Amino acid sequence: MKKLLFLFAMMLSIASSAIHAESTASCMVGNSNTEYVQVTVYPKRVNSSTAGATIKIVNASNKPLISLNITITGETSTMGKEEFNKESWTTRTLFSRNLIFDRFIAPNSTSTIDCPTTLNSYGGQIRNLEVTIGNPSCK
């Protein structure tokens, strides 16, 4: 019985971590083949629900990063209203903004910021996060 409970707990843990997995995207800066900007979104968990995110930005270019357009999409889940305990997943844009940095991100450095809005204002869980970036402005 203990083995069965342990196996169930492991399966639940794996499923839970899959729902909250991070997402990474990158784009080239200008006409360079070697300079790029990379963004990784790490969901924050509070009481097994996604409460927000940390955004890690890597500026792998020789120029300061001034602004960056970031869009985060994912599937959100809430219990269906028609049937009790029926879960439904809906793809939503959770965050979309052109971030302008007060203090630029230095060349060849990494910066971490909190997502300015709560990712999961819908309640429930989030899965299949995707981040897209574009329009990096480097000075």
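Remember, predicted model here, so these are calculated numbers, not experimental data.

Turning to the overall build of the protein chain, a few remarks are in order. The helix and strand tally for the protein chain stands at 1 helix and 7 strands. Its helices and strands taken in sequence order, the protein chain reads α-β-β-β-β-β-β-β from the N to the C terminus. Buried residues in the protein chain amount to 35% of all 139 residues. Counted over contacts in the protein chain with a minimum sequence separation of 6, partners at least 24 positions apart contribute 64%.

Now for the nonpolar core. By size, the foremost hydrophobic cluster in this structure holds 23 residues, and its most contacted members are Val39, Ile57, Leu68, Ile70, Ile72 and Ile133. Sorting the residues of this core by element identifies β1 (23–28), β2 (36–46), β3 (49–60), β4 (65–79), β5 (87–105) and β7 (125–138) as the ones contributing at least two each. Beyond its immediate stretch of four places on either side in the chain, Val39 contacts Ser23, Thr24, Ala25, Ile55, Lys56, Ile57, Leu68, Ile70, Val131 and Ile133.

Here we take up the environment of Thr110. With respect to the helices and strands, the residue Thr110 is situated in strand β6 (residues 109–114). Residue Thr110 is classed as partly exposed on the basis of its relative accessible area of 48%. For the pair Thr110 and Ile57, spaced 53 residues apart in sequence, the C-alpha to C-alpha distance is 5.7 Å.

For the rest of this paragraph, the subject is the side chain of Ser23. Mapped onto the fold, Ser23 is located in strand β1. Judged by relative accessible area, Ser23 falls into the buried class, the value being 9%. A polar atom in the side chain of Ser23 sits 3.4 Å from the backbone oxygen of Leu129. Polar side-chain contacts of Ser23 include one of 3.2 Å to the backbone nitrogen of Val131.

Cut-offs and rules
- Residues numbered from 1 in each chain as written.
- Predicted model: local features only at pLDDT ≥ 70, side-chain atom pairs only at ≥ 80, totals over all residues.
- Heavy atoms only, no water.
- Helix = DSSP H or I, 4+ residues; strand = E, 2+ residues; numbered from the N terminus.
- Buried < 20%, exposed > 50% of the residue type's maximum accessible area, 1.4 Å probe, protein only.
- Contact = heavy atoms within 4.5 Å.
- Core = buried A, V, L, I, M, F, W, Y, C linked by side-chain atoms within 4.5 Å.
- Polar contact = N/O pair within 3.5 Å; in protein donor to acceptor, adjacent residues only side chain to side chain.

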